[in-house]
Amino acid sequence: MDALSSTLFALADPTRRDILARLADGPANVNDLAAPYAMSRVAVSKHLKVLERAGLVTRGRDAQFRPCTLEAAPLRDVAAWVDDYRRFWDRSIDALDGYLKDIQKKKKRRK
Amino acid sequence: MIDIQSSSKEEPIIVMTRTLDAPRELVWAAFTDHVSKWFGGRGFETLACEMDVRPGGKWLHVMRLPNGEEMRMDVVYVEVTKPERLVWQNVDFGKTTKHPASQMTVTLEALGNKTKWKLVARFATMADRELANRIGFAGAIAEGNDKLAELLKTL
């Protein structure tokens, strides 16, 4: 998987998005992160691995706690895509609006 | 400005709306006949535009982007209900995971001499479903009600 695909994959899961939102508050270890969920530490660790592979989370070296830290940079690509889409249509509809005004003016003149 | 809603986390869609100051028949004509006059907007040059506006008909559109690159759009019409509803989708909708293949539904609602334009972009394949989640995620960011939104601003 390329970097973008692994980011997409990582973001596809609501639990992982939730974990990212929690890490936005600051670093946390697996136990902290697992606490609010009805799932095992192992399951949460699996989610963290996916986030790590996507470059969205880095983990500290401390063997016991290995705190997780959010790396938000890949999210910029995410936001950029929607923005590109919106901008394309924003520009297009602006141009359409102008075009519609022009032809209506011309019609009036002809009358 | 377009009003955009991309916050749906359940459905892989983006919804855009805008009210245009023209009667519906005219807006319909602009979407089905005079597309090359406005599609893409400023800085986009239409190199080719072939439209066969009927269900199953194709729309091939080639544009030159402001950066000089060419962009080719290959879509097929799914539904054509004059003058209110136009549905088209990528020729490879549901068949490829390479790019965000999508289905677009344009609805035109007559408001006297004005027209409410609504576009629903729906994404389909597995990869696109992930993409849709990404859209939902970005939507949350756009709404500014997510802690991540604040964080993104600092990047």
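Residues numbered from 1 in each chain as written. Chains lettered and ligands numbered in written order. Predicted model: local features only at pLDDT ≥ 70, side-chain atom pairs only at ≥ 80, totals over all residues.

### Description of the overall build of chain A
Item 1. In terms of helices and strands, chain A carries five helices and two strands.
Item 2. Going from N to C terminus, chain A has its helices and strands arranged as α-α-α-α-β-β-α.
Item 3. Every one of the 111 residues in chain A was classed for burial, and the buried ones make up 25%.
Item 4. Looking at chain A alone, contacts between residues at least 24 apart form 53% of all its contacts between residues at least 6 apart. (Helix = DSSP H or I, 4+ residues; strand = E, 2+ residues; numbered from the N terminus. Buried ≥ 20, exposed ≤ 12 C-beta atoms within 10 Å, placed from the backbone. Contact = placed C-beta atoms within 7 Å.)

### Looking at the environment of Val106 of chain B
All names here are of chain B.
Item 1. By the secondary structure assignment, Val106 is in strand E7 (residues 102-111).
Item 2. Placed eleven residues apart in sequence, Val106 and Trp117 show a C-alpha to C-alpha distance of 7.0 Å.
Item 3. If we skip the residues at most four places from it in the chain, Val106 touches Phe31, Leu86, Trp117 and Leu119.

### Examining the pairing of strand E4 (residues 58-64) of chain B
All names here are of chain B.
Item 1. Pairing geometry for strand E3 (residues 45-51) and E4, over six bridges, is antiparallel. Within E4, the residue paired with Cys49 across the bridge is His61.
Item 2. Between E3 and the antiparallel strand that follows it, E4, lie six residues; Gly56 among them carries a positive phi value of about 90°.
Item 3. As paired elements, E4 and strand E5 (residues 70-81) share seven bridges and run antiparallel to each other. Its bridge partner being in E5, His61 is matched across the sheet by Met73.
Item 4. What sits between the antiparallel neighbours E4 and E5 is a turn of five residues, in which Gly68 has the positive phi angle 95°. (Pairing = 2+ DSSP bridges.)

### Description of the packing of helix H2 (residues 14-23) of chain A against helix H4 (residues 41-53) of chain A
Residue and element names in this part refer to chain A.
Item 1. It is at 10 Å that the axes of H2 and H4 come closest, and there the two elements cross at 75°. Of the possible angle classes, the one that applies to H2 and H4 is roughly perpendicular. Residues Thr15, Arg16, Ile19 and Leu20 of H2 form the contact with H4, whose participating residues are His47, Val50 and Leu51.
Item 2. When its residues are assigned to classes, the contact of H2 with H4 shows four nonpolar, two polar and one charged. (Axes fitted to C-alpha atoms, helices over the stretch in contact; angles between N-to-C directions. Parallel < 35°, antiparallel > 145°, perpendicular 65-115°, else oblique. Nonpolar A, V, L, I, M, F, W, Y, C, P; charged D, E, K, R; others polar.)

### Let's talk about the confidence of the model for chain B
Residues and elements named next belong to chain B.
Item 1. On average, residues of chain B carry a pLDDT of 75, and 65% of them reach 70 or more.
Item 2. Between residues 6-10, whose pLDDT stays under 50, and residues either more than four places distant or in other chains, the model counts 14 contacts.
Item 3. Residue range residues 137-155 is modelled with pLDDT below 50. Its contacts to residues more than four positions away, or to other chains, number 37 contacts.
Item 4. Confidence estimates for the predicted assembly give a pTM of 0.64 and an ipTM of 0.71. (pLDDT = per-residue confidence, 0-100.)

### Side note on the nonpolar core
Soluble globular proteins tend to bury their nonpolar side chains together.
Item 1. With 21 residues, the main nonpolar core has Leu96 and Leu100 of chain A together with Leu20, Val27, Ala30 and Trp117 of chain B as its most contacted residues.
Item 2. Put simply, the parts of the chain that give this core at least two residues each are helix H5 (73-110) of chain A together with strand E2 (13-20), helix H1 (24-32), strand E6 (85-90) and strand E8 (114-123) of chain B.
Item 3. Sort the elements by how many residues they give to this core and H1 of chain B lands first, with five residues.
Item 4. Residues contacting Ala30 of chain B, with those up to four places away along its chain left out, are Leu96, Tyr99 and Leu100 of chain A together with Trp38 of chain B.
Item 5. Core analysis: the second largest hydrophobic core is formed by 15 residues, Leu11, Val44, Ala54 and Leu56 of chain A among them. (Core = buried A, V, L, I, M, F, W, Y, C linked by C-beta atoms within 7 Å.)

### A word on H4 of chain A
Item 1. Its 13 residues place the ends of H4 of chain A 18 Å apart at the C-alpha level, agreeing with the 18 Å of an ideal helix rising 1.5 Å per residue.
Item 2. Phi turns positive, to about 75°, at Gly55 of chain A, one or two residues after H4 of chain A. (Expected span 1.5 Å × (residues − 1).)

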